[in-house]
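# Breakdown of the fold
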Amino acid sequence: MYFVYSTLLVFLVAHLMSIVAVGFFIHFSWQKFFGGVRIPDCLKHYEVEDICLTIDDGINISAWFMKSPVNHKGKAIVLVHGFNVSRMSLADEACLFLENGFHVLMYDQRSHGNSSFARCSFGRGESADFVEALRFLQNHPDVDNKQIMALGASSGAASIMYAIAQHDLSSDLRAAIFEGAFSRTQPIPMHFMKHRMNLPFFLRHWIYLFVLVPAWYIFSNGQSPWSAPVEIADKLDSVPTFMIWGVNDIVVPRCAMQELYNAINSPKDVWWIENGGHDLAIRHFPEQYQERVIQFINHYC
C-alpha cells in the first residue's frame, strides 16, 4: 500500500511540475533567458540606431531603427517576430526591405530578446508593443505617414492584427504581410505534438487536457488564455494583405491558415509554399520570396 501511495505522490508532483514548467514556457518564453541579441552580419553595414519604446504599463521594448540608403519617398516597415525568437530572426527580411528603399523598425516583443519581462499572450497584449512602434515611425521626420507597412511572423502577425482591431489602425497602414499566421491558438499544440513530436493519439490528448490546458489557464491571470485573430480579422477591412504559408507547417495546421484567410475581407493574396514549413520562407526560397514580396509592396507603396 505504501508503494501505491508513494507512486501516486510522485506522479502528482511530477504532473504539477510539468504544468508549471509548460505554463512558464507558454506565457514567458525561455528565449528571454537563454537567447542573446546582437546585430546580424547582414545589417552591420547599415547604421543601426538602438531605440527603447516605453509602453503605458511600464514595459520597455527594445528596437532597432535603420534608414535605407536608397529611400527617397519616406517608405517604412515594422517587422514583428514570432514566439520564442527575437528580432534577429527577421534580419534577412530587414536587409531585403532596406535594399528596396524601406526604412526598417524591428523590435523584440515583450518577454523576448532585450525587451522587458512580461506575460506573453500571443498577440493580444503584444498589440500595444506594435502600436508604440508604429507611433515611433509616424513621428519620425524621415518617414511618410502614408507609406508605412508591417510584416509579422506567426504570433507577430497576431500582434499586428490585434493592434489594428483594438486601436483602429486600418487607415494607418499601407499594407501588411503575414507569414505563418494562425486563426486561433487552440489547434496548434495538438498539431505540433502530432507532426513534430510524433506522439501517439492517447498521449497527445492526455498532455493537452491535463497539462497544457491547466497550464494555460493557471498562468493566464483569470483572462481567456486563447488568442483568436480570426475573430477580429474583419477589422483589416482597408489593409491589403499578403499571406505566406507553408503547406507542411508543423506548427500551424492548414485548416487554421485557411480559416484566417477566409475571414479577412480586405484585398488579399496568398502564397502557398508546397514544400514550405513554419520557418520563414526567405531562408529556403529567397528568389521566389523576393519576387513575390517586392511585387506586392510595389503595388501598394
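What comes next is a walk through the structure. Computed from a predicted model, the values in this text were never measured in an experiment.

### A closer look at the packing of aromatic side chains
Aromatic ring pairs are defined here through the distance separating the ring centres and the angle between the ring planes. Summed over all chains, the structure comprises six aromatic pairs. Geometrically, the ring pair formed by phenylalanine 83 and phenylalanine 122 is tilted, given 5.0 Å between the ring centres and 40° between the ring planes. Placement of the pair is phenylalanine 83 in the loop between β3 (76–80) and α3 (91–99) and phenylalanine 122 in the loop between β4 (103–107) and α4 (127–138), with a sequence separation of 39 residues. Look at phenylalanine 83 and you get partly exposed, because its relative accessible area is 22%. An aromatic cluster of at least three residues, connected via ring pairs, comprises Phe242, Phe296 and Tyr300.

### Observations concerning helix α8 (residues 254–263)
Of the residues making up α8, those classed as buried are Ala256, Met257, Leu260 and Tyr261. The buried side chains of α8 occupy one side of the element, clustering within an arc of 135° when seen end-on. In the core, the buried residues of α8 are packed alongside α5 (155–167), α6 (187–195), β7 (241–246) and β8 (268–273).

### Focus on the side chain of glutamine 138
Here glutamine 138 shows up in helix α4. Overall, glutamine 138 belongs to the buried group, its relative accessible area being 16%. Engagement of the side chain of glutamine 138 in a polar contact is seen with the side chain of arginine 135, the distance being 2.7 Å. Not counting the four nearest positions on each side in its chain, glutamine 138 is found in contact with Asn145, Ile148 and Asp172.

Cut-offs used in this document
Residues numbered from 1 in each chain as written. Predicted model: local features only at pLDDT ≥ 70, side-chain atom pairs only at ≥ 80, totals over all residues. Heavy atoms only, no water. Phe/Tyr/Trp six-rings, centres within 6.5 Å; stacked < 30°, edge-to-face > 60°. Helix = DSSP H or I, 4+ residues; strand = E, 2+ residues; numbered from the N terminus. Buried < 20%, exposed > 50% of the residue type's maximum accessible area, 1.4 Å probe, protein only. Arc of directions from axis to C-beta. Contact = heavy atoms within 4.5 Å. Polar contact = N/O pair within 3.5 Å; in protein donor to acceptor, adjacent residues only side chain to side chain.

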